[in-house]
Amino acid sequence: MVDLKRISTDPPGDIKKEKAEEERLEHLDRIAELQTRLFASKEKAILIILQGMDTSGKDGTVKNLFTVLNPLGCTCAAWKVPTEEEQSHDFLWRIYKAVPAKGMIQVFNRSHYEDIVVPLVKKSIGEKRIRNRLDTISVFERLLSEENNTLVLKFFLHISKEEQSTRIEKRLEDPRKKWKFDPSDLIAHSLYEEHLNAYSEILDYSFEVSPWRVVPADKKWYRDFLIAKILREEMEKMDLKYPPFPG
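Remember, it's a predicted structure, so these values are computed and weren't measured experimentally. Positions within a chain are numbered from 1, following the residues in the order the chain's sequence is written. Since the coordinates come from a predicted model, pLDDT governs what is reported: local features require at least 70, and pairs of side-chain atoms require 80 or more to be given and counted, while whole-chain, interface and lining totals use all residues. For the side-chain quantities, the full set of heavy atoms in the structure was used; hydrogens and water were omitted.

(A) Local environment of the environment of isoleucine 116. The way it works is that DSSP assigns letters per residue, a run of H or I at least four long becomes a helix, a run of E at least two long becomes a strand, and they are numbered from the N terminus. Among the secondary structure elements, isoleucine 116 is positioned in helix α5 (residues 114-122). Categorising residues by exposure relies on relative accessible area from a 1.4 Å probe, with only protein chains included: less than 20% of the type maximum marks a residue as buried, more than 50% marks it as exposed, and the intermediate range marks it as partly exposed. Residue classification places isoleucine 116 among the buried residues on the basis of a relative accessible area of 0%. With 15 residues separating them in the primary sequence, isoleucine 116 and arginine 131 have C-alpha atoms 9.1 Å apart. Residues in contact with isoleucine 116, not counting those within four places in the same chain, are Ile130, Arg133, Leu134, Ile137 and Ile202. Contacts: residue pairs with any heavy atoms within 4.5 Å of one another.

Structure representation (structure tokens):
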């Protein structure tokens, strides 16, 4: 089983901040060019899934990524607690409507994996149903890949309990960040180990199409660098081309 407790939340020792930032900007420039090709061709799509515990940097990742993406070709969905209407349907019902069309990049800030994490932490449904949901998600992601040429990239932002505590305190102290604080943050922090175990179980599942990428997130500069690097590498593999001249 994947044991996130054994995976560092810090950058590798041989990566320096200044060099990483320089390379990140280079990656972002190339991502912007590749996104233009993606949008112009309308042949493929990209779904970026950001999961992680509170304060792990999902919002910051979205902000830093969107600085280079053309807003005409990308959207972001932030998934909260399901509404009453959403709860009356299957757990993927609300997700279907937000998957990217061809030519688009869609970013999920949290995702359908919340319907695995929350029940695992609260122990609200049994192991058989958890496994069934994971199987259903695997089929869903394969459908996106095979039927709509969608690249599914999944990032788990891995933050330590100590760093999470520090960031919660900063939210309470900084007037510019207080609006982000929610009393539930403290409850989630007290259940850090339970959340870590839940994510370990999810990451241990063998997904056919889209394996998880664990991103050490204690240092924001390294988190942003690594995600930009991976996104560029995966977009390069898509062989994106401008459409032929219509004349």
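Additional details are given in the paragraphs that follow.
(B) Region of the structure containing the sheet that holds strand β5 (residues 212-216). By the convention used here, strands pair only if DSSP detects at least 2 bridges between them. Spatially, β2-β3-β1-β4-β5 is the arrangement adopted by the 5 strands of the open sheet, whose pairing is parallel. Either end of the sheet is taken by a strand with one partner, and the two such strands are β2 (74-78) and β5. Across the sheet, the axes of successive neighbouring strands diverge by a mean angle of 20°, strand direction being ignored. Alignment of strand β1 (residues 45-52) against strand β4 (residues 150-158), held across 8 bridges, turns out to be parallel. If you follow isoleucine 48 over to β4, its bridge partner there is leucine 153. Orientation is described by axes fitted as lines to C-alpha atoms, over the contacting stretch for helices, and by angles from 0 to 180 degrees between their N-to-C directions. Sheet contacts for helix α10 (residues 220-237): β1, β3 (105-109), β4 and β5; angle to β5, the most-contacted strand, approximately 150°.

(C) Representation of the pattern of salt bridges. Should a side-chain nitrogen of Lys or Arg be within 4 Å of a carboxyl oxygen of Asp or Glu, the pair is scored as a salt bridge. Overall, the coordinates contain 18 salt bridges when judged by the stated rule. Here lysine 19 ties to glutamate 23 by a salt bridge, and the two come within 3.9 Å at their closest N and O atoms. Pair noted here: lysine 19 and glutamate 23 are both in helix α1 (residues 17-41), with a separation of 4 residues, about one helical turn. Lysine 19 gets classed as partly exposed once you look at its relative accessible area, which sits at 43%. Take glutamate 23: its relative accessible area is 24%, and that puts it in the partly exposed class. Its salt-bridge partner being arginine 30, residue glutamate 236 comes within 2.8 Å of it at the nearest N-O pair. Taken as a pair, glutamate 236 in helix α10 and arginine 30 in helix α1 lie far apart in primary sequence, 206 residues in all. In this structure glutamate 236 comes out as partly exposed when scored by relative accessible area, which is 33%. One connected set of salt bridges, linked through shared partners, spans Arg30, Arg232 and Glu236.

Function cannot be read off these values alone, since they describe shape.
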